[in-house]
Amino acid sequence: MATISQVLGQAFFARPALTVGRDLLGKYLVRRRRSAERAVMISEVEAYIGPHDLACHGRFGRTARTEVMYGPAGRWYVYLCYGMHWMLNVVTDQVDWPAAVLFRAAGDFSGPGKLTKGLSIDRRLNAQPAAESSGLWIEDRGIVVRRSQIQRTARIGVDYAEHWKEKPYRFVLS
DNA sequence: GCAGTGATCATA
DNA sequence: ATGATCACTGCC
């Protein structure tokens, strides 16, 4: 039986960040630059669920940086962290609800900064659609992920987020 | 353990 | 305008 490779569209992303995050494990992040294409399986993500989530950038309200999170689901949210590392997120949920999923590991890339460096992702992708037109998109290649393969833990690096720092919004595929 | 690095946000 | 902070990484 042939496996169909399907590009994930807006309907996939227009759901709560926790649901999208869990479902992204086992999907493939695909990067095309010039004619070279590279696909890596997503193995670690974190959900940032809305303006009330004190770890989520949406807590600042609408600003130049967060505006993309208020837009339609399925666009990239890319920002610079610590002046050196690009963080890749995909916008989720409904318009006017700022939520996103952070990509922390995929393929051989372990760590969100190493992932973006390895795939040559920077601010030029910010606010662009997760679609072939932007050169970065996500495919379902038929990998089935069982619930027992998913570990949930607290998110990394959000110690400032009061009780939200403990929420098990990080998903790891084992 | 902690420095590097610069955008972002709050305050003024 | 300034200053604190930061969804990280690599080296001590």
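For the structure itself, consult the block above.
None of the values given here were measured: they were computed from a predicted structure. (Residues numbered from 1 in each chain as written. Chains lettered and ligands numbered in written order. Predicted model: local features only at pLDDT ≥ 70, side-chain atom pairs only at ≥ 80, totals over all residues. Heavy atoms only, no water.)

### Considerations on the protein's contact with DNA strand C
So, step 1. The full set close to DNA strand C counts 18 residues, and Y79, H85, N89, G113 and Y160 are the nearest of them.
So, step 2. Each atom of DNA strand C within 4 Å of the protein was assigned to sugar, phosphate or base; sugar and phosphate come to 54%.
So, step 3. Within the side chain of Y160, one N or O atom sits 2.6 Å away from a phosphate oxygen of DNA strand C.
So, step 4. Every element with two or more residues in the surface near DNA strand C is listed here: strand 5 (85–91), strand 6 (100–106) and helix 4 (112–118).
So, step 5. Of the residues in the surface near DNA strand C, the class split is ten nonpolar, six polar and two charged. (Near = heavy atom within 4 Å. Polar contact = N/O pair within 3.5 Å; in protein donor to acceptor, adjacent residues only side chain to side chain. Helix = DSSP H or I, 4+ residues; strand = E, 2+ residues; numbered from the N terminus. Nonpolar A, V, L, I, M, F, W, Y, C, P; charged D, E, K, R; others polar.)

### Topic: the environment of S174
So, step 1. Mapped onto the elements, S174 comes out in the segment after strand 10 (170–173).
So, step 2. Once the C-alpha coordinates of S174 and R146 are considered, the two residues, 28 residues apart in sequence, prove to be 10 Å apart.
So, step 3. Apart from residues no more than four positions distant in its own chain, S174 is found in contact with S148, Q149 and Q151. (Contact = heavy atoms within 4.5 Å.)

### Quick look at helix 2 (residues 17–24)
So, step 1. Residues A17, V20, G21, D23 and L24 constitute the buried set of helix 2.
So, step 2. Positive phi appears at G26, one or two residues downstream of helix 2, with a value of about 90°. (Buried < 20%, exposed > 50% of the residue type's maximum accessible area, 1.4 Å probe, protein only.)

### Details of the packing of aromatic side chains
So, step 1. All told, the structure shown has four aromatic pairs when counted by the stated rule.
So, step 2. Summarising the aromatic geometry, the rings of F12 and F13 are spaced 5.1 Å apart at their centres and angled 80° between planes, so their arrangement reads as edge-to-face.
So, step 3. In this arrangement the basic side chain of R15 is found over the ring face of F12, its NZ or CZ atom lying 4.7 Å from the centre. (Phe/Tyr/Trp six-rings, centres within 6.5 Å; stacked < 30°, edge-to-face > 60°. Lys NZ or Arg CZ within 6 Å of the ring centre and 35° of its normal.)

### Quick notes on the protein's contact with DNA strand B
So, step 1. Lining the immediate surroundings of DNA strand B are F60, T63, R65, Y82, G83, M84, H85 and R123.
So, step 2. Counted by atom, the contact set of DNA strand B within 4 Å of the protein is 56% sugar and phosphate.
So, step 3. Take T63: an N or O atom from its side chain is 2.9 Å from a phosphate oxygen of DNA strand B.
So, step 4. The backbone of Y82 places a nitrogen or oxygen atom 2.4 Å from a base oxygen of DNA strand B.
So, step 5. For the surface near DNA strand B, a count of residues per class yields three nonpolar, three polar and two charged.

### With respect to the nonpolar core
So, step 1. In this structure, F13, L24, L29, W76, F103 and I138 are the most contacted members of the largest nonpolar core, which totals 49 residues.
So, step 2. Sequence-distant contacts of L29, that is, excluding residues within four places in its chain, are made with R38, A39, V40, I42, W76, L88, L115, L119, L136, W137 and I138. (Core = buried A, V, L, I, M, F, W, Y, C linked by side-chain atoms within 4.5 Å.)

### Digging into the pairing of strand 6
So, step 1. Of all seven residues that make up strand 6, seven are buried, and the element is covered over most of its length.
So, step 2. For strand 3 (residues 36–48) and strand 6, the ladder comprises six bridges, and the chain directions are antiparallel. Each bridged residue has a counterpart across the sheet, and for A47 the counterpart in strand 6 is V101.
So, step 3. Two strands pair when backbone bridges link them, and strand 5 and strand 6 are joined in this way by three bridges, in the antiparallel orientation. Within strand 6, the residue paired with N89 across the bridge is L102.
So, step 4. With two bridges connecting them, strand 6 and strand 7 (residues 109–110) associate as antiparallel partners. Along strand 7, the bridge assignment pairs A106 with F109. (Pairing = 2+ DSSP bridges.)

### Considering the side chain of S43
So, step 1. Here S43 is to be found in strand 3.
So, step 2. S43 gets classed as buried once you look at its relative accessible area, which sits at 18%.
So, step 3. Setting aside its immediate chain neighbours within four residues, S43 contacts L25, A105, A106, F171, V172 and L173.

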